[in-house]
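These are the residues of each chain, in order.
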Amino acid sequence: MDVEHSRAYIDQLYSNDSQKCFQAVSELKFAVIGSVREKGSIIEQGVVVRLLQILRAPDLDVLLKTEVATVLNSLAKGLPEHASALVQAGILPVLWEQLDACTGGGGGGSSSSGGVYTQMLLCCLRSIYRHGCAPPPPAWDHKLLSTLIHHGYHPPSNQECVANILAHACKTCEQQQQLVEAGGADLVACMLCSPVTRVQLPALHCLTAMCYNNERVSNVMATKSYGGKAVPDLLAGLMARDRPREMQLAAATALTFLHRAGALSADDPKIIYKTLQCLVRFCRRDREVWERVEAGNTLAYLTERSIHLQRTAAMTDHLILTMNDYLKDTTPSTPPPTPTPATHPISVSPISCRQYDNPSTWPELMLEAALKVYASLGANDEDIRQRVIKTDGLMNTIVASLSAASPPVQLAAVRCLHSLSRSVQTLRTTFQDHMVWRPLMTVLKTSTNEELVAVSSSTLCNLLLEFSPSKEHILDQGAVEFLCGLTRRPHPGLRLNAVWALMNMAFQAEHRVKMSILHHLGTDQIFRLLSDTDVHILMKTLGLLRNLLSTKAHIDQIMQNHGKEIMQAIILILEGEHCAEVKEQALCILANIADGDVAKAAIMSNEDVLKKLMNYMVIPNVKLQIAATFCISNLIWNVEEGAAERQNKLREMGVYKLLQNLMTTTDTGLFDKVKTALQQFH
Amino acid sequence: MATGSGRCSVEPPVFGSQTGQDPIKALYPMVNEEETPLPRCWSSKDKYSFIGLSQNNLRVHYKGHGKNHKDAASVRATHPIPAACGLYYYEVKIVSKGRDGYMGIGLSSQGVNMNRLPGWDKNSFGYHGDDGHSFCSSGSGHPYGPTFTTGDVIGCGINLIDNVCFYTKNGHYLGVAFTDLPPQLYPTVGLQTPGEVVDANFGQAPFVFDIGEMMRELQCRVRTTIQNFPVPDTHGQWQTMLHRMVSTYLVHHGYCATAEAFARSTSQDFDEELTSIKNRQKIQKLVLGGRMGEAIETVQQLYPGLLENNHNLLFMLKVRQFIEMVNGTDTEVRGISRSPPRPPPSTSPPCWSNGRTPDPLPGTSCSAGSSTNTTSTTPVIQQHTSVIQSTKSVIGGSSSSGGGLSSTATTTTTTTSTTTTTTTTTEELNQRNSAQDHCPGSPATTTSATNGATPVIHPPPPTSNTSSSSSSSSSSSNLQDSDTEMECVETNNSSNSSHLHTSSTPPTTTTNITPQASNSTTTSSSRTVTVQDSTSVHSEAAHSNGFSNGFSRHIDMQDDCDEAMEVESSSAGGRKMCGGNPAAIERMLAFGREVQHMSQVLRRDLGKNDHNKKILQDAFSLLAYNDPWNSPVGWQLDPLQREPVCQSLNSAILESHQLPRRPPLEICVAHTRQLINLMSRSGLGSCAFASVDSVLGTPQ
C-alpha cells in the first residue's frame, strides 16, 4: 500500500469542499471493503471522528452522508475490536440521532435518497450490534423503539437490520417489556412470516431474546398471530425438518423459551413432540459442533423442570448414548476439521453470541452441554438416573471436571452430580466408589462463584443424608466449620443450603458431631438464623435444632449447656408472627426437649411455656394441637422419674381437663395423641 | 419408420386423478404398484397357525398355548416393502398385552420361520415389548428402548436410502435400531402368549408419528445431494452443454423467438435456420389446428420425400386426417361444409421445385388432388401424370414468379369440388400401383420432357402410364428397402441429400435424387436435376440441400397463412360428423376407403403392424356412433390427441435434417425417468425422492 497515496485521500476527507470530500469518502470505501487490515488501520488513524462529524453536519448532502454510513458499516463488519472501537468513538448516539432525524424530517414521503440513507444507518447499527459488544440504545426511549419498529415492517433489508438490532440489544427484563409495549411482538410475528430467510432467522433470535425468562412477554408473544396463524404455530412451521438447519434450531430455542416462561405447557405437542425431537436430532453426531452444543444446552433448559419431558427425552433417539459422544469428543483435543467460524459466520441466537469463535474451546463447550443434559434428564426419575450413571466414563468425567475445568464446566458437573445425588442407590455405591466428596469439598472451599457454591452445597446436603456413606468423610474434611461459615453468607440460597446440610448432618448424628455443630455455629448465629426473613431458612434451622435435640442423652447434655438460649429461641418463635408450620416445628422441638430426662425441667420450670402449650392445644389447628399434646404427653410420661409430680402440676393447671375435652375431636391423629396422654395420667 | 415407437411424450390423461383417494398410495407416490405392490394387510397365508387374523386382516391375535418360546408365532404382510417407498412406515397398536406381553414388532424376509418372534432368526429384526430390547437376527437382544404394553402405539420405519430401521413409541422417535438391512423385507409381528392382540396401521389411517415431516427431510436431503453432485467441469463445458440442451429444445419445438433470446443471453451461436423453425412451426400449427390435409400437403411441399420414405408416418397422418374429417376440422370437409374455401397454403409455389421428383406413392393424394382439376375426372392413369404435372406447374410457377401462384390458387378452388372423385381415383390408383408393381418402364425421357415443359398440358395417357409405372416400381423398391432394413433408408436419405449438395453447384453427372430408384431410373433423374438447375436453382443463391432451398422466399406468404390458421384451431363446430354436410361425409367416407386401402398396401409390403391396425380400427370406430364425441372412442377427437401426431411428424422432419428426432433435453428427461425406474427395481430408495416432475416443476 502506497502510504502517500492513502494519506492523500484521508487529507481530502477534511476538505470543506463537499465534492472533494465525497471523492475521498468513496476512495475510502473502496480501500476498506473486504480488508480487515485496512479497516484496523483506518480506525487507528482516527478517521472515525471525522466521519461522525460529517454525519452530524446539518448542511451536508444526504448522498455524502450515505457514503459515510457505508464506510462506517464496512468498518463495523470487521473484527469485534473494530466494532467496539467505533462504539468507543461514540458512533451509536450519532447513528440513533441521525436515524431519528431521518424519520422525523423525511416524514411519510421520504425521498429515495433519504430511504437509502436510513437503510445504511440501519445496516451500520446492525453490524455493530451483531458483534454483541454494543450497549442497548440510549435509555431505550419509546420514540426510538417506535422508530425502529416502524422501519422493521417495510423492505426486507431493513427488516433484517431491525431484527438483528433488537435481538442483540434486548437483554434485561425491562427492555423485554419495553419492546413489547412499543409493538415489538407484532413486528416479530410479521417478520416470522417473511419469505426471506435472512429476515426470519434474526426475527427468531429477537423473539428468543424477548421471551427469555419473561413470563409476561412470553404470554403476550404466544397469543400474537399473523396471517391467521398463532406465533407458536408459526414457530412450529419454521422448525419443520425441511427448513434450513439454523432456522430449525432457532425456532426450537424460541419454543423452548416460551415453554420455560410458562406460555406453553410441556404437554403441548409442539413442545413434547416437535421441539424435543428437533433438539435431540440436532445433538446427533452428523451435525456441526456448534449445533450440537446449542441444541444440548437448549435441551437441558427445556427438560430441566418437567419429568414428563425428561422421560420422553430419555427415550428419544438414544439421547443418553448420544450425550456420551459429547464426552468422548472432548478427549482428543485435535483441532476440528470444520472451517473456522470466521470464514463461515454462524448465525446463533445472541445469547450464545461469539461463543463458538474459538474452535479450541469446543470440546469444553460440548462437555458442558452434555453434563447439563444429564443433569436435567436425571433430575427426577430414578430409572433415568440409573441409565445416566451407567454411561461409560461419566463419573470419571464429572470428578475430573469438578477439579480441573473452567467454572462453566464445573458448574455443569456439579449440577449433574446434584441430580444424581438424589438417588439413594447412587449415594451408597457410585459416589462412594468415586469419592466425589473430595473434589466437591474442594470446589466449595475454593470457589467464589456463588451459583457454583449454591449448587455444590445443595449437592452436599444430599451427600450428608444419614444413609450416605460419604457423610463421615465429609465431616473429616472439615465440613462443619465450612457450613457454619456458609450460614453467614449474604446469599440466602447459600444460607439455606448450609443450614439444610447441617440439619442433615445432625440427623441421628453422634454426640461429638452435634457438639461440633453447636460449637462452630454458636447460639448467636442460631438466633440470627431464626430471625432470618427467609422462612425456609427458619424452618431448616428449627429442623436443625430438632435433629440436635434427639435421643435422651444428647438432649440432656445439650440442654445442660445451652438450655437457656434454646428455650429463649423457642419462645421467640412461639411469640413471633410466624406461620403454623414454623410454630409446629418449634412445638416439636419442645416435645423433643420434653423427652429428655433432665431437660424436662427446663419446660416444667417455665410456666410461661406451659401456658403457651395449653394455648396451642385449643387452637383451631390440628397440627399444632397434635404437636402440643405430644409435648405434654412426653412431659407426663409415666415410667419416668418424677412423672407423678409433673402430672399433678399439669393437672392443677387444667391440662387434664383440656385433654378430656379434646377427646371429642374428629381428627384421628389428634385423638390418638390425646388418648395416649390421658392414659399416662393416673 | 415405426411410428408407434412410443414417441408420444404426452401421458395418457387417465391416471391423473387417482392419487389422494388411496391414503396408502399417497404416502408412496413413486411406487409402481403394478410392479411392486405395497403391503396393505397381514397375509392370511404367510403366518404361523397360532396367529389369528380379523378386521380385514389388520388385527392379529394369538391363539396358541403360549407355554414357552416354542409357541411363538409371527405373521408377515402381504407384500415386501418396495424400495421406491424411500421411507416406509407402519404402526402397531397394542390392543392387549395378553398374559405376558411377549410381542415383537419388526421386519423379516420371505421364508423366515414363522414359529418365532421377529428378530430371532437370520434376516429377521424385531423390537420386543416385554424387555424393550431389539433383536437383530439373534436370540439375544440388545437394550434399545422402553418396554411397551397395552395402549401403546409402536411404529416401525425403514429408511430405504440408508437401509436403517427405527421405531417410535406413541409418536416419539426412539432412534435407529438396525442398520445394513437386506432388501425385500416384510412388515412382521410376532406374539407368544394368549390374549395378545395388536392392530396394524399400514397407512390407511393417520399415523401417530409425523412421518410426513421425516419424508420431507429426506426429500430435501436427496435434492441437495443431486444439486451438489460434483460435475467435472473444466472450461465451462458443462454449462455450455446445458445451454445447448435448452436451445436445442427450443429450436426443436419451434420456439423461435425464445430460442433466439436464449442464445443471445447465453451468448451462444444460433446456427439453426429460422426458416426451418418457422416451417416446422407452421406444420405444427396445421396439425394442432386439425387441418391434417393441409399439413400433409405442406410437408410434401417443404420436405419432399419425407413422407414418401416413411409410410407408417404417412399412414398415421392419414388416419389422423380421417379423424379430423369426422371432427369437421380438416380442410377438405371444412371447405365443403363452410362455404368460402380459402386457398390452402399448399398451393403457394411448392418448394420442392428444385428438382425432387416426388414419389408418387399412395401418400400423395392431396397434391394429386390439387392437380386433378386440370385433368378433371380422368381416372387412375392421369392421376400419375398429375404428379409430374404439378411439378411442372410448380416449376413454371417458380420460374415465372407471381404468375404461377395465382394459377395454383384457382386450382385449389376447384379441387375442393372434385375431391370426392380424386379420392376414389387415388384409391384405385393405389390398387393399380400395386398391381403394376413390377412393370419396368422407361420413363426417363418422358419425365424429363414433361419436366422441361412449362405449360400446363395434360400429358398424353401412354407416357403418363409409363411414368406411373416407373414411379411405382421405384416406390416398390423403396418399400422393400424399408421393409427389410429401415436403417438403410435412412442412410440412403442422407447420402441423397449430400448428393444434392454437390449437385447444386455444377450440374454434375450422377446425382441420385430418388434414392430408391434403381439403375433404370438413374439417368432420367439426373437429367431432371440438370433441367432443374437451369431453371430455378440458379436464381437461388445455390442453396444446398434442397429442403431449405427456396424457403426464404416463401416465408412471408406462409406467415400470412399462419395468422389465418390460428383463428380456426379448434374443432367440433356443430358437433356433427363432418360438420353435418352430406358432401363432406361422402368425401370422408371416400377418404376412409383410401386410407383402408393404404393400410392394406402397407400390410402387404411392410408386414403386419399392430399399431397401424389399431389406430385405423379406432378411427373407423368413430363412424359407428351417431355422436362420436360422446362415444367410447371419442377421445380420438380430442384436440389433445393431435399432439403425439404432431410430435411424430416434427421428429421425422428433424431427423431427415440430420437433427435429433427428439431434443436432447427430452431424451435426458426420459433417460432420467428410466433410471429412476431402474433404481426402484434395483432397490435404491433414493428414487422415491428423485421425482423428475418435481424438479421440472410440473404439477403431479
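Owing to the predicted nature of the structure, the values given are computational and were not obtained by experimental measurement. (Residues numbered from 1 in each chain as written. Chains lettered and ligands numbered in written order. Predicted model: local features only at pLDDT ≥ 70, side-chain atom pairs only at ≥ 80, totals over all residues. Heavy atoms only, no water.)

1. Some remarks on the environment of Gln647 of chain A
All names here are of chain A.
Part 1 of the argument: On the secondary structure map, Gln647 appears in helix α39 (residues 643-653).
Part 2 of the argument: A residue is classified by how much of its surface remains accessible, and Gln647, at 2% relative accessible area, is buried.
Part 3 of the argument: Polar side-chain contacts of Gln647 include one of 2.6 Å to the backbone oxygen of Gln680. (Helix = DSSP H or I, 4+ residues; strand = E, 2+ residues; numbered from the N terminus. Buried < 20%, exposed > 50% of the residue type's maximum accessible area, 1.4 Å probe, protein only. Polar contact = N/O pair within 3.5 Å; in protein donor to acceptor, adjacent residues only side chain to side chain.)

2. Concerning the nonpolar core
Part 1 of the argument: Among the nonpolar cores identified, the biggest contains 232 residues, and Leu72, Leu590, Ile593 and Ile603 of chain A are the most heavily contacted of them.
Part 2 of the argument: Per element, the largest residue contribution to this core is 11 residues, and it comes from helix α21 (residues 362-377) of chain A.
Part 3 of the argument: Among all residues touching Leu590 of chain A, those that are not within four sequence positions of it are Met567, Ile570, Leu574, Ile603, Val609, Leu613 and Cys631 of chain A.
Part 4 of the argument: Formed by 64 residues, the second largest nonpolar core is a distinct cluster that contains Ile51, Met103, Ala177 and Ala690 of chain B. (Core = buried A, V, L, I, M, F, W, Y, C linked by side-chain atoms within 4.5 Å. Contact = heavy atoms within 4.5 Å.)

3. Re the interface of chain B and chain A
Part 1 of the argument: If you look at the interface, chain B gives 17 residues, while chain A gives 16 residues.
Part 2 of the argument: The junction of chain B with chain A conceals about 1,400 Å² of combined surface from both sides, 50% of it contributed by carbon and sulfur atoms.
Part 3 of the argument: Counting the surface chain B buries against chain A, the share from its top three residues, His172, Tyr173 and Glu213 of chain B, is 42%.
Part 4 of the argument: One can count five salt bridges joining chain B with chain A.
Part 5 of the argument: Taken together, the links from chain B to chain A amount to nine residue pairs in polar contact (both at pLDDT 80 or more).
Part 6 of the argument: Breaking the side of chain B that touches chain A down by element, the ones donating at least two residues are β12 (172-178) and α2 (211-227) of chain B. (Buried area = accessible area lost by both parts, 1.4 Å probe. Salt bridge = Lys/Arg side-chain N within 4 Å of Asp/Glu carboxyl O.)

4. Topic: the sheet that holds strand β9 (residues 142-143) of chain B
Part 1 of the argument: Reading across the sheet, the seven strands line up as β1-β4-β13-β6-β7-β8-β9 (chain B) and stay open at both edges, with antiparallel pairing between neighbours. Both outer strands of the open sheet, β1 (42-47) and β9 of chain B, are each paired with one neighbouring strand and no more. (Pairing = 2+ DSSP bridges.)

5. Brief notes about the pairing of strand β7 (residues 124-128) of chain B
Residue and element names in this part refer to chain B.
Part 1 of the argument: Counting buried positions along β7 yields five of five residues, so the element is predominantly enclosed.
Part 2 of the argument: Residues Ser124, Gly126 and His128 of β7 are buried on one face, and the alternating residues Phe125 and Tyr127, pointing to the opposite face, are buried as well.
Part 3 of the argument: Of the pairings in the sheet, the one linking strand β6 (residues 104-109) to β7 comprises five bridges and is antiparallel in character. Across the sheet, Leu107 pairs through a bridge with Phe125, a residue of β7.
Part 4 of the argument: When β7 meets strand β8 (residues 133-136), the two strands line up antiparallel, connected through three bridges. Its bridge partner lying in β8, Tyr127 is registered against Ser134.
Part 5 of the argument: Joining the antiparallel neighbours β7 and β8 is a turn of four residues, in which Gly132 adopts a positive phi near 70°.

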